[in-house]
Amino acid sequence: MTDTLRDPATSSDIRRYQHFIDGKPGSGSGEVIARYSPVSGQVVAEYAAGTEADIDAAVLAARNAFNSGVWSDLPGLARGRALNRLASVLRNHVDELIALDAAEVGTPQRVARGPVEAGIGQIDFAASLASTLHGEIHTNLGPDFTGLLVREPLGVVGLIVPWNFPTLILCQKLGYALAAGCTAVVKPSEFTSGSAVRVAELALEAGIPEGVVNVVTGYGNPVGQRLAEHPDVDLVSFTGSTATGQRVLESSKSNLKRVSLELGGKAAQIVFADADLDDAVEGVLFAAIHNQGECCVAGARLLVEDSVADEFLDRLAKRAGDLRLGGPDDEADLGALIHPDHMRKVLDYINVGVQEGASIRAGGGQLDHPEYAQGCFVQPTILDNVTPTDRVFQEEIFGPVVTVTRFSGADEAIELANVVEYGLGNTVWTKNIDKALTVTRRLHSGTVWVNTTIDGSPQLTFGGYKASGYGREMGKAGFEEYTQIKTIQIRTGTRVGKFGLLS
Ligand code: NAD
């Protein structure tokens, strides 16, 4: 069934979500969180405001499901088939998931579509990995010994998800955790919890047993915090800000659980004079404004070679001025920022940039949208003449704001790109393959794109360097994050009484 929903902000339809624990909805304490659309200012959804007790119940359900073997003991092929069914059910509901994410994030549905579809693609790929889990056998230890390295699922995993791409980021964790045989407790953002609850319901519909996928909605504290510190959780995979990631790490100490951290970014777009400038203008623009700049790999810093800088900026500013801002149902290029406080933070950063000496080449303030008086819209903004010590160069703004800094030659471009504390994703625009390869090798980031940007594929592992976190998602490395290795050593010979480290 395909279910296309209108933006409830315009149909006055409020969707209500409960927790999903052990295959059943549950309202917990009965307290709710209202989600106000940042486009219309109206309530579009209500989520149960979870408590520590709700997390405890969800972790118990996940533990019981794990220990029962109902999921972890299935042959990999069977888990893969179930994940294929999940991908298929999600695909039947793709328009519904797009509408939910768009309404709650405040982004146009046409912008939300790609990430939601990519999230379903993650489940497809994770399904294909489920049967590939295997270990190693060592027969070169001497005639009396056989060694086995067995890869086992980690157990119960906590998945903490941010608000910017709710379905995508959930799927790029959940698919791989389930493929490995783990059971999960999901904690979505308190701003965008709808699609996580729906994915859990649809997982049950796809035949994934009760207790394998649980969702508790609510605030970071107490819900996320309890999940991160819970003594019966084996790993927390967290995506969010660097500051919250540090708190998650602190909480995880309780039982020394594993932690995977996908944190903030301050990506550079490096445009060399020998780039295809038509292509680069479009790529730099897309990277700056995709999902209204609320993207961990947003191209927040344009580094442009000085010989083409003026021409490039003229073209970029013209294109930025053409962009349309609108609501979930509009034919718009970008939407509203997630909530009024975040909008004020982004506007403050623009002011800080100007005080630091930047000049505004496009945008520069809030947009008074003719249709949405309450809308948290910020104009796509280009801040020119930004220097590397400026706060707007160093700090994550998480809005449609791109800083511009000129460079001369590859060495200076690399130095500028690497001078920030983050290291998530950078992009290089050049037609010179030697230069492209040399520069990519010297950039300190988990991903480098060349002549494309914010692209990806489930096969391609993703993660941060430096303050952008550690641990990996997607691909084989992302899959293996949800496993641990057991070593089994077997003596089959007749060497009586000889033990220890024999060589
Ligand atoms: P956030 O850190 O405020 O929240 C992320 C999640 O953590 C939410 O579900 C929140 O409720 C929860 N949380 C809050 N306090 C917690 C606590 N004490 N313990 C446990 N959980 C807690 O981030 P956000 O504002 O939702 O998202 C924006 C940030 O996420 C940006 O910094 C962005 O760069 C980052 N991000 C990173 C990636 C990546 O892959 N590296 C992807 C998307 C977003």
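No experiment lies behind these values; they were computed from the predicted model shown.

Describe in detail the pattern of salt bridges, supporting the description with residues and values.
Counting across every chain of the model gives 31 salt bridges. In this structure, Arg-319 engages Asp-322 in a salt bridge whose closest nitrogen and oxygen atoms are separated by 3.9 Å. Residue Arg-319 and its partner Asp-322 are located together in helix H11 (residues 306–322), separated by 3 residues, close to a single helical turn. The class of Arg-319 is partly exposed, set by a relative accessible area of 26%. The class for Asp-322 is partly exposed, based on a relative accessible area of 43%. Between Arg-406 and Asp-384 there is a salt bridge whose closest N-O contact spans 2.7 Å. One end of the pair, Arg-406, is in strand S17 (residues 401–407); the other, Asp-384, is in strand S16 (residues 381–384), with 22 residues separating them in the sequence.

Explain the site of the ligand to me, and be specific about the residues and the numbers.
The local shell around the ligand holds 29 residues, among which Lys-187, Glu-190, Thr-244, Leu-263 and Glu-396 are the closest. In the environment of the ligand, an oxygen atom lies 2.7 Å from a nitrogen or oxygen atom belonging to the side chain of Lys-187. Within the complex, the protein chains bury 90% of what would otherwise be the 850 Å² of accessible surface of the ligand. Those elements that provide at least two residues to the shell around the ligand are helix H8 (220–229), strand S11 (235–239) and helix H9 (242–252). Formed jointly, the shell around the ligand draws a minimum of three residues from each of two domains, domain 1 (51–263 + 468–487) and domain 2 (268–450).

Which residues make up the sheet that holds strand S5 (residues 43–48), and what are the values?
If you walk across this open sheet you meet the 3 strands as S1-S5-S4, and the pairing is mixed. With partners counted over all chains shown, the strands left at the sheet margins are strand S1 (15–17) and strand S4 (32–36), one partner each. For this sheet, the mean angle separating the axes of adjacent strands, direction not counted, is 20°. Across 3 bridges, the pairing between S1 and S5 is parallel. Note that in S5 the partner of Arg-15 across the bridge is Ala-45.

Account for empty space enclosed by the protein, with residues named and values stated.
Under the criterion given, the structure shown has 6 cavities of 30 Å³ or more. If you add up the space inside the largest cavity, you get close to 100 Å³. If you go around the largest cavity, you meet 14 residues; those closest to its centre are Gly-293, Ala-298, Ala-300, Phe-398 and Gly-399. Taken together, the residues of the lining of the largest cavity break down into 8 nonpolar, 4 polar and 2 charged.

Let's hear about the confidence of the model for the protein: which residues, and what values?
Caution is warranted with low-pLDDT regions, since their predicted coordinates should not be read in detail. Of the residues in the protein, 96% reach a pLDDT of 70 or more, and the chain-wide mean stands at 95. Element-level pLDDT for the protein is lowest in helix H1 (residues 8–11), with a mean of 42, against a maximum mean of 99 in strand S9 (residues 183–187). Predicted confidence is poor over residues 1–11, with pLDDT under 50, and the contacts of this stretch with residues over four places away or in other chains come to 29 contacts.

I'd like to hear about the packing of aromatic side chains, residue by residue, with values.
This structure, assessed with the given rule, holds 5 aromatic pairs. Ring plane angle 75° and centroid distance 5.4 Å describe the contact between Trp-163 and Phe-398, whose orientation is recorded as edge-to-face. Of this pair, Trp-163 sits in the loop between strand S8 (156–160) and helix H6 (166–180) while Phe-398 sits in the loop between helix H13 (391–394) and S17, placing them 235 residues apart in sequence. Comparing Trp-163 with Phe-398, the two get one shared label, buried. On the basis of an interplanar angle of 75° and a centroid distance of 5.3 Å, the ring pair of Phe-272 and Phe-407 is categorised as edge-to-face. Here Phe-407 lies in strand S17 and Phe-272 lies in the loop between strand S13 (268–271) and helix H10 (277–289), a separation of 135 residues in the sequence. Considered together, Phe-272 and Phe-407 belong to a single accessibility category, that of buried residues. If you follow Arg-301 out to its NZ or CZ, it ends over the ring of Phe-393, 4.7 Å from the centre.

Give me the packing of helix H3 (residues 76–92) against helix H7 (residues 194–205): which residues, what numbers.
How two helices sit against one another is set out by the angle between their axes and by the gap between those axes. Packing of H3 against H7 leaves a shortest axis separation of 9 Å and a crossing angle of 125°. On the basis of their axis angle, the class for H3 and H7 is oblique. Of the two elements, H3 crosses H7, and the hand of that crossing is right-handed. Only Val-199, Leu-202, Ala-203 and Glu-205 of H7 make contact with H3, whose side of the interface consists of Leu-86, Val-89 and Leu-90.

Any details on the state of the cysteines? Residues and values, ideally.
Disulfide: a covalent bond connecting the sulfur atoms of a pair of cysteines. Under the definition given, this model contains 0 disulfides. For the unlinked cysteine Cys-171, the closest cysteine sulfur is that of Cys-296, found at 16 Å. We classify Cys-171 as buried; its relative accessible area is 0%. Left unpaired, Cys-295 is separated from the closest cysteine sulfur, that of Cys-296, by 5.2 Å.

Talk me through the environment of Ala-410; I want residue IDs and the actual numbers.
Looking at the element boundaries, Ala-410 is found in helix H14 (residues 410–418). Residue Ala-410 is classed as partly exposed on the basis of its relative accessible area of 26%. Between the alpha carbons of Ala-410 and Val-354 there is a distance of 28 Å; along the sequence they are 56 residues apart. Setting aside its immediate chain neighbours within four residues, Ala-410 contacts Phe-272 and Val-439.

Summarise the side chain of Ser-40; cite the residues concerned and give the values.
Within the element layout of this structure, Ser-40 appears in the loop between S4 and S5. Here Gln-42 takes part through its backbone nitrogen, which lies 3.1 Å from a polar atom of the side chain of Ser-40.

Talk me through unusual backbone geometry; I want residue IDs and the actual numbers.
Residue Pro-222 is reached from Asn-221 by a cis peptide bond, and omega for that bond is 20°. In this fold, Pro-222 is placed in helix H8. A positive phi angle, close to 50°, is found at Gln-292, a residue other than glycine. Given a relative accessible area of 0%, Gln-292 falls into the buried group. Here Lys-466, not a glycine, exhibits a phi torsion of approximately 50°, which is positive. Of the residues examined, Lys-466 reaches a relative accessible area of 38% and is grouped as partly exposed.

Calculation criteria
- Numbers given to residues run from 1 along each chain, matching the order in which its sequence is written.
- In view of the model being predicted, local features appear only for residues whose pLDDT reaches at least 70, and side-chain atom pairs are presented and counted only at 80 or more, with totals across whole chains, interfaces and linings using the full set of residues.
- Each side-chain value is worked out from all heavy atoms of the structure, with water and hydrogens disregarded.
- Any Lys or Arg side-chain nitrogen located within 4 Å of an Asp or Glu carboxyl oxygen qualifies as a salt bridge.
- Under the scheme used here, helices are H or I runs from DSSP no shorter than 4 residues and strands are E runs no shorter than 2 residues, and both carry numbers assigned from the N terminus.
- Whether a residue is buried, partly exposed or exposed follows from its accessible area with a 1.4 Å probe, protein chains only, as a fraction of its type maximum: under 20%, in between, or over 50%, in that order.
- The nearness test applies per residue and asks whether one of its heavy atoms lies within 4 Å of the molecule or strand.
- Polar contacts, as counted here, are pairs of nitrogen or oxygen atoms within 3.5 Å of one another; within protein the pair requires one atom able to donate a hydrogen and one able to accept it, and residues that are adjacent in sequence qualify only if both atoms are side-chain atoms.
- Only the protein chains shown count as covering a residue, and every accessible area follows the Shrake-Rupley method with a 1.4 Å probe.
- Start and end points for every domain follow an automatic or database-based domain assignment.
- Only strands that DSSP links by at least two bridges are regarded as paired with each other.
- Helix axes are fitted only over the stretch in contact, all axes being lines through C-alpha atoms; the angle between N-to-C directions runs from 0 to 180 degrees.
- Buriedness for pockets is judged along seven lines, at least five of which must meet protein on both sides within 12 Å for an open set on the 1 Å grid over protein atoms alone, while cavities are sets there where a 1.4 Å probe fits but cannot get out, and lining residues have an atom within 4 Å of a point.
- Grid points are joined across faces, edges and corners, and a volume is the space filled by probe spheres set on the points.
- The nonpolar class holds Ala, Val, Leu, Ile, Met, Phe, Trp, Tyr, Cys and Pro. Asp, Glu, Lys and Arg form the charged class, and all remaining residues, Gly among them, are polar.
- A score from 0 to 100, pLDDT tells how confident the predictor is in each residue.
- Residue contacts are counted whenever heavy atoms from the two residues lie within 4.5 Å of one another.
- Pairs were defined over the aromatic rings of Phe, Tyr and Trp, the Trp ring being its six-membered one, requiring ring centres within 6.5 Å. Orientation was assigned from the angle between planes: stacked under 30 degrees, edge-to-face over 60, tilted for the rest.
- Lysine NZ or arginine CZ positioned within 6 Å of the ring centre and within 35 degrees of the ring normal marks a charge as sitting over the ring.
- Roughly parallel refers to an angle under 35 degrees, roughly antiparallel to one over 145, roughly perpendicular to one between 65 and 115, and oblique to any angle outside these ranges.
- Put simply, a crossing is left-handed when the front helix is turned counterclockwise from the back one by less than a right angle, and right-handed when it is turned clockwise.
- The criterion for a disulfide is a pair of cysteine sulfur atoms lying within 2.5 Å.

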